[in-house]
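Chain by chain, the residues run as shown.
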Amino acid sequence: MEGKKNIFRSRAFKHGSNTLLRTIIFTAILVFIVLIVQNHPWRVDLTESKAFTLTDQSQKILKSIKIPINIKAFFQEATRDKIKAQDLLDTYKYYCPNLKYEFIDPDRHPEVAKQYDIKTYGTVVVEGAGKKQTITVLNEENLTNALMKLIQTKKKTIYFVTGHGEADINAFDKNGYSMVRRELEKENYQVKTLDLLHTAQIPKDASVVIINGPKKSLMKPEIETLRKYIESGGKLVVMLDPFHDGGLKKFLKDYGIGIRDDIVIDKLSRVFGGSYLMPVVTKYTTHKITNNFNIATFFPESRSLTKVEKTRPGINVMLIALTSSGAWAETDIKTLREKNAASFDPNQDQKGPVCLAMMSEITPAEKTKEKTSNKENGDKVKSGKKDKPKTRGQLVVFGDSDFANNAYFGLSGNGDLFLNVINYLAQEENLITIERPTKKGQPLILTSTQSRLVFLIPLVFVPLFVILCGLAVFRVRRKQR
Amino acid sequence: MTGFRPVYRKEIYSFFASPTFYVVALIFLIISGYFFFSAVSYYNILSFQGMQNPMWREQLNPTEMVLRPFFMDISVIMLLVCPLLTMRVLAEEKKSSTSELLFTYPLTDTGVLLGKFFATLSVLFIIILGTLPSLIYFGTLTHLRWQIVGAGYLGLALLAGAFISLGVLASSLTENQIIAAVLAFGALLLFWVIGWSRAFAGPTLARFINYISIINHFESFAKGVIDIRDVVYYIIFSTFFLFITLRFLESQRWRG
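Since we're looking at a predicted model, the values are computed, not measured.

A.B. asks: Before we go on, may I ask you to explain the overall build of chain B in this structure?
C.D. replies: In terms of helices and strands, chain B carries 13 helices and one strand. In chain B, the succession of helices and strands from N to C terminus is α-α-α-α-α-α-α-α-α-α-α-α-β-α. Each of the three principal axes of chain B carries a C-alpha extent, and together these read 75 × 50 × 30 Å. A burial count over chain B gives 57% of its 256 residues as buried. Put simply, of all contacts in chain B between residues at least 6 apart along the chain, 75% involve residues at least 24 apart. Carbon and sulfur atoms provide 71% of the accessible area of chain B, an area that totals close to 10,900 Å².

Structure, rendered in structure tokens:
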């Protein structure tokens, strides 16, 4: 009995363990093959428009990405847009295994959508290297550009011009700008000072140059340096307090922004508990800077800005912040200073709403000419590829520099407005342009015969053929029996 | 691998002689035909709307809007009919006690199994090819990219192989054909829907689930991309389950 059991056991054990071992080894080999193939993907795109292949530019950039990239795509479930987005992200993942993506339905996960400040369906957030880029329209050009911006390691630099009594970025007193400096550094900017007299040109790494409230006039060569900078696509912020124009009157006028010797008086501000001389802004124009921004900002002792109508072509001026219509720009300073009284004089003073912040976009002069001549030739596309697309210079002017100093930076929306402006200016435009051949639609309108055939072939003819085959086989078999 | 050819021929012959094949083919083709008809009709309506809207017009693409959903639909019907074809493959032999006879012939197990596997695959593929006349007619109506059609059929063949390998395993486990069919259907459905649960899983598990999910790998074929990873997935899937079946058949011998 015991021997019998032993034989039985040993036989089953022998075969069983043998089978198990072979299964394990075989499975291991299969897993090994899978891992190799997963790490060395290869695919053929059979579509005509190469819809699932990226351009060489994108491929090159994706190959250089070594850091993990996380993409969160906020799409509604089961929409055509989502399928398209999935196809695109899948294609990216094929070229860059470090890239991971996930889809989030903003309706089902409002908390995540809120965390990333998602406002529209189809927004895509790309994260990597501790940075974040948001795309609202998902396509190859935008996604590749977002990835490029992520892998750029250099910090953006903000320069503050010094030497004319501007507020010091290191001073902690109430007129200092140390708060601005701290907040900018928090936003991952590098903050430096710049002495225009010692440099022939603005440093190449400058993302934004700021002139905050000069008390003395800038010298001619300094202004020339600034002019060169802005004409070649630089970003400049000028903050001028009343009665100190820093010698920039002509410079600003050339770019469509006019300044006068006046001071803005706002009766409404009194209601808020401030002085007449601290106009409050509660209305912003619809501009990218002030998009969704609706917090009041205060400008202690501010001057008015006006739009200069006659400028050279290629200059586009936009208003950003306006006072209420109850405010005006007072020119009678004497009365104001001596009697501490002011009244609106329709002949002299500018009626509200008074503009306190303005932006001007400057298309480089030579380029405008070229563009128009090209338009005449009807040959726009070629020139775009030949010379590097120059970025537009941007100039933001505030009629006040105190609103962002240590005393007022934290007041209401002042700091936010300032940082919004800097973030907007420092943001890079798309670094590369990718043009995909546009797909031609192939509409299909069926005639009644055609639509009948579309019905008949799959639903009548083919099944009938199957039935006939079946009947034929059975007749043959019956005969054989 | 002696035994592949005779078994393959015998299986093909018995498929075509059995009424099951014709019923399955008929049902498969009628359902897929209906899907084709509705896909084309819908495309027709969209084209009509596109006449008024040039933005819409650019989106109209027959490969994207007819072929892709059509191939996805076929894969669903295949999920339903595959167990019906595979259920008898080994269970019938067991029931009629011909399996002992079959496996004592001077034929290798591998040969026998592969013969049965490829015979079932061929039969299913012939059924799938029944959808081709409609596509050929559609190709005369509009510009169709035949390479994509080819990729779709390749994908279907690979998917069919994966389905059948699992069905054959189910059929080897029991002598009752109904049980074999239910087992196969349940297992296939599980491999199909497992991908849906990736949303709740952690990142590593989600990646694994994503890989295991049987239909995730079919998408690329349907849109006209042949990806080596997906091809390998289906081949590995089939190989694995055929290997397990083989070990199971072998174990029956020494288990007595």
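A.B. asks: Got a minute to help me understand the overall build of chain A in this structure?
C.D. replies: If you tally the helices and strands in chain A, you get 14 helices and 20 strands. If one aligns the C-alpha atoms of chain A with their principal axes, the spans along those axes are about 125 × 75 × 50 Å. Residue pairs in contact within chain A that sit at least 24 positions apart in sequence constitute 74% of those at least 6 positions apart. Accessible surface for chain A amounts to roughly 26,900 Å². Of this, 56% is attributable to carbon and sulfur atoms. Charged side chains of chain A number 74 positive and 52 negative; the gap between the two group centres comes to 13 Å.

A.B. asks: Whenever I open this one, the environment of I434(A) confuses me. Can you help?
C.D. replies: Residue and element names in this part refer to chain A. With respect to the helices, strands and loops of the structure, I434 is situated in the loop between α13 (414–426) and α14 (448–480). Taking the C-alpha atoms as reference points, I434 and S17, 417 residues apart in sequence, are found 60 Å from one another. When sequence neighbours within four positions are dropped, the list of residues in contact with I434 reads T55, Q57, S58, E140, E141 and T144.

A.B. asks: Would you mind showing me how to read the packing of helix α2 (residues 56–64) of chain A against helix α5 (residues 140–151) of chain A here?
C.D. replies: Between two packed helices, both the angle of their axes relative to each other and the distance between the axes serve to describe the pair. Residue and element names in this part refer to chain A. It is at 10 Å that the axes of α2 and α5 come closest, and there the two elements cross at 30°. Comparing their axes, α5 and α2 come out roughly parallel. The two elements α2 and α5 meet at a crossing, and its hand is left-handed. Residues S58, I61, L62 and S64 of α2 lie in contact with α5, whose contacting residues are E140, T144, L147, M148 and I151. Classifying every residue of the contact of α2 with α5 by side-chain character gives five nonpolar, three polar and one charged.

A.B. asks: What am I meant to see in the nonpolar core here?
C.D. replies: With 90 residues, the main nonpolar core has F71(B) and I214(B) as its most contacted residues. One finds I210(A), A357(A), F403(A) and A404(A) within the second-largest nonpolar core, a separate group that totals 39 residues.

A.B. asks: Quick question: what am I supposed to make of the sheet that holds strand β17 (residues 328–330) of chain A here?
C.D. replies: Residues and elements named next belong to chain A. Pairing is antiparallel in the open sheet, where three strands are placed in the order β11-β17-β18. Among the strands making up the open sheet, the edge pair consists of β11 (263–265) and β18 (350–351). The sheet contact formed by β11 and β17 spans three bridges and is antiparallel. From the neighbouring strand, I265 faces β17, where its bridge partner is W328.

A.B. asks: Looking at this structure, I do not really get the pairing of strand β20 (residues 393–398) of chain A. What am I missing?
C.D. replies: Two faces belong to every sheet, and in a regular strand the side chains alternate between them. All names here are of chain A. Counting buried residues along β20, six of its six residues qualify, which places the element largely inside the surrounding structure. Summarising the sheet, strand β9 (residues 235–239) and β20 pair through five bridges and their orientation is parallel. Paired with V237 across the bridge in β20 is V396. Both strand β19 (residues 355–362) and β20 contribute to a ladder of six bridges, which runs antiparallel. In the sheet register, M359 faces β20, and the bridge partner there is V396.

A.B. asks: Help me understand the confidence of the model for chain A in this model?
C.D. replies: A low pLDDT means the predicted coordinates there should not be read in detail. For chain A, per-residue confidence averages 84 on the pLDDT scale, and 91% of positions sit at 70 or higher. Between residues 367–388 of chain A, whose pLDDT stays under 50, and residues either more than four places distant or in other chains, the model counts eight contacts.

A.B. asks: Would you explain the domain arrangement of chain A in this entry?
C.D. replies: By a frequent convention, interface size equals the accessible area lost on bringing the separate parts together. Domain assignment breaks chain A into domain 1 (56–151) and domain 2 (156–371 + 388–426). The straight-line distance from the C-alpha centre of domain 1 of chain A to that of domain 2 of chain A is 36 Å.

A.B. asks: Even after reading the chapter, I still don't get the interface of chain A and chain B, so can you show me in this structure?
C.D. replies: Between chain A and chain B, the contact holds 56 residues from the first and 59 residues from the second. Summing both partners gives a buried area of about 5,400 Å² for chain A against chain B, and 67% of it is carried by carbon and sulfur. Taken as a group, L46(A), Q442(A) and L444(A) account for 13% of the area that chain A buries against chain B, more than any other trio of residues on that side. Counting every contact that joins chain A to chain B gives five salt bridges. The salt bridge partner of R43(A) is D227(B), with a shortest N-O separation of 3.7 Å. At the junction of chain A and chain B, the tally comes to eleven residue pairs in polar contact (both at pLDDT 80 or more). With 18 residues, α14(A) is the single largest residue contributor to the side of chain A that touches chain B. Looking at the side of chain A that touches chain B residue by residue, the classes come out as 30 nonpolar, 14 polar and twelve charged.

A.B. asks: Help me out: how do you make sense of the pattern of salt bridges in this one?
C.D. replies: Two side chains with opposite charge may pair up if their charged atoms get near one another. Residues and elements named next belong to chain A. Scanning the entire structure with this criterion turns up 31 salt bridges over all chains. We note a salt bridge from E77 to R108, for which the minimum N-O separation is 3.6 Å. Taken together, the positions of E77 in the loop between β2 (69–74) and α3 (80–95) and R108 in the loop between β3 (99–104) and α4 (110–115) put the pair 31 residues apart, joining distant regions of the chain. Given a relative accessible area of 57%, R108 falls into the exposed group. In this structure, D261 engages R303 in a salt bridge whose closest nitrogen and oxygen atoms are separated by 3.4 Å. Of the two residues, D261 is situated in the loop between β10 (257–259) and β11 and R303 in the loop between β14 (297–298) and β15 (305–307); the sequence distance between them amounts to 42 residues. A residue is classified by how much of its surface remains accessible, and R303, at 1% relative accessible area, is buried.

A.B. asks: How do you make sense of the packing of aromatic side chains when you look at a structure like this?
C.D. replies: Residues and elements named next belong to chain B. In the structure shown here, the tally under the stated rule is 34 aromatic pairs over all chains. Each ring, one from F163 and one from W192, has its centre 6.5 Å from the other, and the planes form 35°; the classification is tilted. With F163 in helix α9 (residues 146–173) and W192 in helix α10 (residues 177–193), this pair connects stretches of sequence that are 29 residues apart. A relative accessible area of 0% places F163 in the buried class. On the basis of relative accessible area, W192 is assigned to the buried category, the value being 10%. Both rings, one in F221 and one in Y234, keep their centres 6.4 Å apart while their planes meet at 40°; by these two values the pair is tilted.

A.B. asks: Got a minute to help me understand the packing of α9(B) against helix α13 (residues 228–255) of chain B in this structure?
C.D. replies: Residues and elements named next belong to chain B. At a closest axis distance of 8 Å, the pairing of α9 and α13 adopts a crossing angle of 15°. Comparing their axes, α13 and α9 come out roughly parallel. The chirality of how α9 crosses α13 is left-handed. On α13, the residues touching L158, L159, G161, A162, S165, L166, V168, L169, S172 and L173 of α9 are V231, Y234, I235, F237, S238, F241, L242, I244, T245, F248, L249 and Q252.

A.B. asks: Is there a simple way to explain unusual backbone geometry in this structure?
C.D. replies: The phi torsion of most residues other than glycine is negative, and most of the peptide bonds are trans. Residue and element names in this part refer to chain A. With phi around 50°, A78 is a residue other than glycine that occupies positive phi space. Positive phi values are uncommon outside glycine, yet E301 reaches one of about 50°. Mapped onto the secondary structure, E301 falls in the loop between β14 and β15.

A.B. asks: Please explain the sheet that holds strand β5 (residues 131–135) of chain A as it appears in this structure.
C.D. replies: What holds strands together in a sheet is hydrogen bonding between their backbones, with the strands either parallel or antiparallel. Residues and elements named next belong to chain A. Strand order across the open sheet formed by four strands is β3-β2-β4-β5, with mixed pairing between neighbours. The open sheet has two edge strands with one neighbour each: β3 and β5. Each neighbouring strand pair of the sheet contributes to a mean axis angle of 15°, computed without reference to strand direction. Relative to β3, β2 runs parallel, the two being bridged by six bridges. In the sheet register, K72 faces β3, and the bridge partner there is E102. Where α5 meets the sheet, its contacts fall on β2, β3, β4 (123–128) and β5, and the angle it forms with β5 comes to roughly 165°.

Rules of the game
Residues numbered from 1 in each chain as written. Chains lettered and ligands numbered in written order. Predicted model: local features only at pLDDT ≥ 70, side-chain atom pairs only at ≥ 80, totals over all residues. Heavy atoms only, no water. Helix = DSSP H or I, 4+ residues; strand = E, 2+ residues; numbered from the N terminus. Buried < 20%, exposed > 50% of the residue type's maximum accessible area, 1.4 Å probe, protein only. Contact = heavy atoms within 4.5 Å. Areas by Shrake-Rupley, 256 points an atom, 1.4 Å probe, with all protein chains shown as cover. Lys, Arg positive; Asp, Glu negative; His and termini not counted. Charge placed at Lys NZ, Arg CZ, Asp CG, Glu CD. Axes fitted to C-alpha atoms, helices over the stretch in contact; angles between N-to-C directions. Parallel < 35°, antiparallel > 145°, perpendicular 65-115°, else oblique. Left-handed = near helix turned anticlockwise from the far one by under 90°. Nonpolar A, V, L, I, M, F, W, Y, C, P; charged D, E, K, R; others polar. Core = buried A, V, L, I, M, F, W, Y, C linked by side-chain atoms within 4.5 Å. Pairing = 2+ DSSP bridges. pLDDT = per-residue confidence, 0-100. Domains from an automatic or database assignment. Buried area = accessible area lost by both parts, 1.4 Å probe. Salt bridge = Lys/Arg side-chain N within 4 Å of Asp/Glu carboxyl O. Polar contact = N/O pair within 3.5 Å; in protein donor to acceptor, adjacent residues only side chain to side chain. Phe/Tyr/Trp six-rings, centres within 6.5 Å; stacked < 30°, edge-to-face > 60°.

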